[in-house]
Amino acid sequence: MGKANYHFKCVIVGNPGVGKTNLMTRFTKGEFSKQAKSTVGVEFSTRQIDHDGLTIEAQVWDTAGQERFKAVTAAFYRNALGAMIVYDITKRETFENCEQWLRELRTYTDPSIVAMLVGNKCDLRHQANVDVEDAKDFAEDNNLAFIETSAKDATNVDLAFETVLIEIYRIVRKNLDAGKYDPDRPAPSMLGIQPIMPAQNRVAGGGCC
């Protein structure tokens, strides 16, 4: 692994069981575990991507969703430039709680953090309990990008992370070129970025997005 030109911290939040850890390990290690244990405290992993002739290292942080780990919250979010708010498309409650996760994100990070709403487990499309239009509306109302993923079969996982990382890079470069870059507050934003919509599978029987 070579030396990276940029290091961007990205956090993953959401209810327990939505697949946060598997999203992280699928992106950073190409792995998926059906028996993934609940995260205790905080875990993180890294992966480098190439963009614009440079190397960007993603430092992906995953945390437990349980209340008893709230003490780690401030440190978990510190210096995060990107975030994914994850829900399970088969469990409506996990989507409804995204509003709470977004409030927490806004509390502990710069309000213009690059954030994406992620509907995970799209390989279980036949069991979906969250309408795509509801998720789209929530994302647009809150200036979030949106995508559906499957950590199990890797659908859209790389695309989701790379979109967040490249948007952070775009904003950082813009600020650098303007002489406004502050390494502690690069203030990236999704303004002007079109939310990513899952491709609707219209074939009878459904399937992944």
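A few points on the structure. Note that this is a predicted model, so its numbers are computed, not measured.

## Concerning the nonpolar core
Stage number 1. Formed by 29 residues in total, the largest nonpolar core has its most connected members in F8 and F27.
Stage number 2. Those elements giving two or more residues to this core turn out to be β1 (6-14), α1 (20-29), β3 (54-63), β4 (82-88), β5 (114-120), β6 (145-148) and α6 (157-177).
Stage number 3. The leading source of residues in this core is α6, at 8 residues.
Stage number 4. Ignoring anything within four residues of it in the chain, the contact list for F27 reads R47, I49, A58, V60, V157, D158, F161, E162 and L165.
Stage number 5. If you look at the next biggest cluster of nonpolar residues, it comprises 25 residues, including V11, L117, V132 and F146.

## Overview of the sheet that holds β1
Stage number 1. Spatial ordering of the open sheet is given by β2-β3-β1-β4-β5-β6, a layout of 6 strands whose pairing is mixed. In this open sheet, the two strands that pair with only one neighbour each are β2 (42-51) and β6. Neighbour-to-neighbour, the strand axes of this sheet turn through a mean angle of 25 degrees, independent of strand direction.
Stage number 2. Relative to β3, β1 is paired through 7 bridges, and the arrangement is parallel. Looking at the pairing, K9 lines up with Q59 of β3.
Stage number 3. Packing of α1 onto the sheet brings it into contact with β1, β2, β3, β4 and β5, and relative to β2 it is tilted by some 40 degrees.
Stage number 4. Contacting β4, β5 and β6, helix α5 (residues 132-141) runs over the sheet at an angle of about 155 degrees to β6.

## Remarks on the pattern of salt bridges
Stage number 1. In total, this model carries 8 salt bridges according to the counting rule given.
Stage number 2. D134 serves as the salt-bridge partner of R92, at 3.1 Å between the closest nitrogen and oxygen. A residue pair is termed long-range when its members are at least 10 positions apart, and R92 in helix α3 (residues 92-96) and D134 in helix α5 qualify at 42 residues.
Stage number 3. Classification of D134 as partly exposed rests on a relative accessible area of 31%.
Stage number 4. Where R125 meets E148, a salt bridge forms, and the shortest distance between an N and an O atom there is 2.2 Å. Taken as a pair, R125 in the loop between β5 and α5 and E148 in strand β6 lie far apart in primary sequence, 23 residues in all.

Conventions we followed
Residues numbered from 1 in each chain as written. Predicted model: local features only at pLDDT ≥ 70, side-chain atom pairs only at ≥ 80, totals over all residues. Heavy atoms only, no water. Core = buried A, V, L, I, M, F, W, Y, C linked by side-chain atoms within 4.5 Å. Buried < 20%, exposed > 50% of the residue type's maximum accessible area, 1.4 Å probe, protein only. Helix = DSSP H or I, 4+ residues; strand = E, 2+ residues; numbered from the N terminus. Contact = heavy atoms within 4.5 Å. Pairing = 2+ DSSP bridges. Axes fitted to C-alpha atoms, helices over the stretch in contact; angles between N-to-C directions. Salt bridge = Lys/Arg side-chain N within 4 Å of Asp/Glu carboxyl O.

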